[in-house]
Amino acid sequence: MLPLVMIPALCCDEGLYDDVKDSFADLVTTQIVVPYEDSLAACVDKVLGAVDGDFIVMGTSFGGHVARETAFAAPERVKGLWIIGAGAGAVANPQLGFARSAKLRDGRADEVYQQFFQTITHLPGERGQEAADRFLA
């Protein structure tokens, strides 16, 4: 059975997949890798070093970019690619990502969370306020 390597979004951890990871148990074994390194290449290296042999890679948002680059870096090992909430191409403005990463490393995570909060909660909806409250919590 192939492992499904799951890579969460920036500022998220293994908990992002708590509600879904067990639902794949009859299809794949799941493994979560949180690759918050200083560069995309280092993130890819962390993913490749965390799993032996062939695997399917899935990533959400930032994790989707890492998943895509992992597939490009090791096409002989990556047997499937699943991208959620990330564009298929390169990041439009990598400098913004580097700036967020620097804030996280400098202990200014609240600034990053507030920026994400403002970005992801701009659309009204039945569960919009609940999602915003949960995100900030």
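Whatever comes next refers back to the structure up there.
Residues numbered from 1 in each chain as written. Predicted model: local features only at pLDDT ≥ 70, side-chain atom pairs only at ≥ 80, totals over all residues. Heavy atoms only, no water.

**Section: the overall build of the protein**
Next, step 1: Across its full length, the protein carries five helices and four strands.
Next, step 2: Walking the protein from its N terminus toward its C terminus, one meets helices and strands in the order β-β-α-β-α-β-α-α-α.
Next, step 3: With 137 residues in all, the protein has 31% of them scored as buried.
Next, step 4: Sequence-distant contacts in the protein: of pairs separated by 6 or more residues, those separated by 24 or more amount to 58%.
Next, step 5: Surface summary for the protein: the accessible area is close to 8,200 Å², and the carbon and sulfur share equals 54%. (Helix = DSSP H or I, 4+ residues; strand = E, 2+ residues; numbered from the N terminus. Buried < 20%, exposed > 50% of the residue type's maximum accessible area, 1.4 Å probe, protein only. Contact = heavy atoms within 4.5 Å. Areas by Shrake-Rupley, 256 points an atom, 1.4 Å probe, with all protein chains shown as cover.)

**Some points on the packing of aromatic side chains**
Next, step 1: Scanning all chains against the criterion turns up two aromatic pairs.
Next, step 2: A ring pair is formed by Tyr 36 and Phe 62, whose centres lie 6.3 Å apart and whose planes are at 45°; its orientation type is tilted. Note that Tyr 36 is positioned in the loop between β2 (29-32) and α1 (40-50) and Phe 62 in helix α2 (residues 62-73), a separation of 26 residues in sequence.
Next, step 3: Since its relative accessible area comes to 24%, Phe 62 is described here as partly exposed. (Phe/Tyr/Trp six-rings, centres within 6.5 Å; stacked < 30°, edge-to-face > 60°.)

**Some remarks on the sheet that holds strand β3 (residues 55-60)**
Next, step 1: One open sheet accounts for four strands, arranged β2-β1-β3-β4; its pairing is parallel. A single partner strand is all that each edge strand has here, and the edge strands are β2 and β4 (78-84). Across the sheet, the axes of successive neighbouring strands diverge by a mean angle of 20°, strand direction being ignored.
Next, step 2: Alignment of β3 against β4, held across six bridges, turns out to be parallel. When the sheet's bridge partners are listed, Thr 60 is paired in β4 with Ile 84.
Next, step 3: In this fold α2 packs onto β1 (3-7), β3 and β4, with an angle of close to 150° to the strand it touches most, β3. (Pairing = 2+ DSSP bridges. Axes fitted to C-alpha atoms, helices over the stretch in contact; angles between N-to-C directions.)

**Observations concerning the nonpolar core**
Among soluble globular proteins, nonpolar side chains are generally buried collectively.
Next, step 1: Of all hydrophobic cores here, the largest spans 15 residues; its most connected members are Val 5, Ile 7, Val 47, Phe 55 and Val 57.
Next, step 2: At the level of secondary structure, the elements contributing two or more residues to this core comprise β1, α1, β3 and α2.
Next, step 3: It is α1 that provides the largest number of residues to this core, a total of four residues.
Next, step 4: What Phe 55 contacts, discounting residues up to four positions off in sequence, is Leu 2, Pro 3, Val 5, Val 47, Leu 48, Thr 70, Arg 77, Val 78, Lys 79 and Gly 80.
Next, step 5: Residues Met 6, Tyr 17, Val 28 and Met 58 belong to the second largest nonpolar core, which totals six residues. (Core = buried A, V, L, I, M, F, W, Y, C linked by side-chain atoms within 4.5 Å.)

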